[in-house]
Amino acid sequence: MKLADFVCFKALIPRLESTNRDGVIAELVNALDAAGKLGKGNCKDLIKTVIKRENEASTGMGKSVAVPHVKSNAVSEVVAAIGMSEAGVDFSSLDKQPVYSIILLISPVDDPDKHLQAMENLFHHLQTEKFRKFLRQAKTVAEIEDLIREADENSTL
Amino acid sequence: MDSVVCEISVEIKNADGLHMRPAMMFVDIASQYSCDITVSNGERSVDGKSIMQVSILAATYGTKLKIRAEGKDSEKAVEALRELVEDTMFNEPGPEEK
């Protein structure tokens, strides 16, 4: 699986408006909805579900990234939205540091293996300092898109 | 200090596999021990105390993993991890219970 297989290029937000966790989650879910990725799924319910999941255990895994994620009937394939915060957002991360890049992942309910594959791919790149740096520095949708495509071509990025 | 190496094989038994929550539980337990812990799925070996690394194993239901611990408390560590993966199954259901 490649990043471009599940990252929605119409749901890339180089400058998130919100400066708090729940606002950022809402922005990302709304972006997926606007991109037509959520089918008949109810946007507000989905936002609540993501926040509830995040309250159970933070997906801020350190190194300035957070990967909020849930399963939902709204999607039949894994989809992801990406947003960057210039000021940083408190995600109650493991390392207690603010996060600057947030990747929201929505996975279908009945395909746990696909979810794992998408996560594997994402974390493979997120482990690379260069990828995290480029992501955080991306200023436009096109720059994020280029980075995603480049990472798909070059597994060391 | 004696360096004891312990290696065991475990199988993922919860239906959803080693997704983030189980991976965090794994790392939490692994981090309670001073020994070095590596986990391998045959293709790659990763640091059992790093959440990102454990997550990239993408171990699905039925996947067999090798857990290798090296250090004085390695025996206790692999037993605690085996219990988590196979007995308590990360407090998650197996495929037949879903």
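S.K.: Would you mind going over the overall build of chain A with me for this structure?
M.R.: Secondary structure assignment for chain A yields 6 helices and 5 strands. Reading the helices (α) and strands (β) of chain A from amino to carboxyl end gives α-β-α-α-β-β-β-β-α-α-α. A compact globule built from 157 residues would reach a C-alpha radius of gyration of about 15 Å, and chain A, at 14 Å, matches this within 12%. Taken across its 157 residues, chain A has 56% of its residues classed as buried. In chain A, of all internal contacts separated by at least 6 residues, the share reaching a separation of at least 24 is 68%. Carbon and sulfur atoms provide 46% of the accessible area of chain A, an area that totals close to 7,400 Å².

S.K.: Looking at this structure, how should I read the nonpolar core?
M.R.: One recurring pattern in soluble globular proteins is that nonpolar side chains are buried together. Of all hydrophobic cores here, the largest spans 58 residues; its most connected members are A:Val7, A:Phe123, A:Leu126, A:Leu135 and B:Phe26. Non-local contacts of A:Val7, meaning those with residues more than four positions away in its chain, are made with A:Leu12, A:Ala80, A:Ile82 and A:Ile148. In terms of nonpolar packing, the next biggest core, distinct from the first, is built from 30 residues, A:Val24, A:Leu38, A:Phe91 and A:Val99 among them.

S.K.: Help me understand the environment of B:Pro93 in this model?
M.R.: Following the sequence through the fold, B:Pro93 ends up in the segment after α3 (74-87). Measuring from C-alpha to C-alpha, the distance between B:Pro93 and B:Lys13 comes to 8.4 Å, with 80 residues separating the pair along the chain.

S.K.: Looking at this structure, how should I read the sheet that holds strand β2 (residues 36-40) of chain B?
M.R.: Strands belonging to one sheet form pairs held by backbone hydrogen bonds; the direction of such a pair is parallel or antiparallel. Residue and element names in this part refer to chain B. The strand order across the open sheet formed by 4 strands is β1-β4-β2-β3, and the pairing between neighbours is antiparallel. Two strands lie at the open edges of the sheet, namely β1 (5-11) and β3 (45-47), each paired on one side alone. Taking each pair of neighbouring strands and ignoring which way they run, the sheet shows an average axis angle of 25°. Pairing of β2 with β3 involves 3 bridges; the strand directions are antiparallel. Counted as the bridge partner of Ser40 is Ser45 from β3.

S.K.: Help me understand the environment of A:Lys37 in this model?
M.R.: All names here are of chain A. Here Lys37 is to be found in the loop between α2 (21-34) and α3 (43-56). Separated by 28 residues in sequence, Lys37 and Val65 place their C-alpha atoms 23 Å apart. Ignoring sequence-local partners within four residues, the contact set of Lys37 consists of Cys8, Leu32, Ala74, Val75 and Val79.

S.K.: I'm lost on a negative patch on the surface in this one. Help?
M.R.: Residues and elements named next belong to chain A. Together, Glu143, Asp146, Glu150 and Glu153 make up a negatively charged patch on the protein surface. Mapped onto the secondary structure, Glu150 falls in helix α6 (residues 141-153). The exposure class assigned to Glu150 is partly exposed, which follows from its relative accessible area of 46%.

S.K.: Help me understand the interface of chain A and chain B, please; the structure alone is not making it clear to me.
M.R.: In many reports, interface size means the accessible area that the parts give up when they come together. Between chain A and chain B, the contact holds 20 residues from the first and 17 residues from the second. With both sides pooled, the region where chain A packs onto chain B buries about 1,600 Å², and carbon together with sulfur makes up 71% of that total. On the chain A side of the interface with chain B, the three residues burying the most area are A:Met61, A:Leu116 and A:Gln127, jointly 36% of the side's total. A:Lys71 is paired through a salt bridge with B:Asp16; the nearest N and O atoms lie 2.6 Å apart. Inspection of the region where chain A meets chain B yields 2 residue pairs in polar contact (both at pLDDT 80 or more).

S.K.: Just to check I follow, could you spell out the side chain of A:His69 for this structure?
M.R.: Examined against the element boundaries, A:His69 turns out to sit in strand β3 (residues 69-71). At 2.8 Å, the side chain of A:His69 and the backbone oxygen of A:Val67 are in polar contact. Sequence-distant contacts of A:His69, defined by excluding residues within four places in its chain, comprise A:Arg53, A:Thr59, A:Leu105, A:His115, A:Met119 and B:Met20.

How each quantity is defined
- Residues numbered from 1 in each chain as written.
- Chains lettered and ligands numbered in written order.
- Predicted model: local features only at pLDDT ≥ 70, side-chain atom pairs only at ≥ 80, totals over all residues.
- Heavy atoms only, no water.
- Helix = DSSP H or I, 4+ residues; strand = E, 2+ residues; numbered from the N terminus.
- Rg over C-alpha atoms; globule rule 2.2 N^0.38 Å.
- Buried < 20%, exposed > 50% of the residue type's maximum accessible area, 1.4 Å probe, protein only.
- Contact = heavy atoms within 4.5 Å.
- Areas by Shrake-Rupley, 256 points an atom, 1.4 Å probe, with all protein chains shown as cover.
- Core = buried A, V, L, I, M, F, W, Y, C linked by side-chain atoms within 4.5 Å.
- Pairing = 2+ DSSP bridges.
- Axes fitted to C-alpha atoms, helices over the stretch in contact; angles between N-to-C directions.
- Patch = residues over 30% accessible without salt bridge, like charges linked within 9 Å, V, L, I, M, F, W, Y side chains within 5 Å.
- Salt bridge = Lys/Arg side-chain N within 4 Å of Asp/Glu carboxyl O.
- Lys, Arg positive; Asp, Glu negative; His and termini not counted.
- Charge placed at Lys NZ, Arg CZ, Asp CG, Glu CD.
- Buried area = accessible area lost by both parts, 1.4 Å probe.
- Polar contact = N/O pair within 3.5 Å; in protein donor to acceptor, adjacent residues only side chain to side chain.

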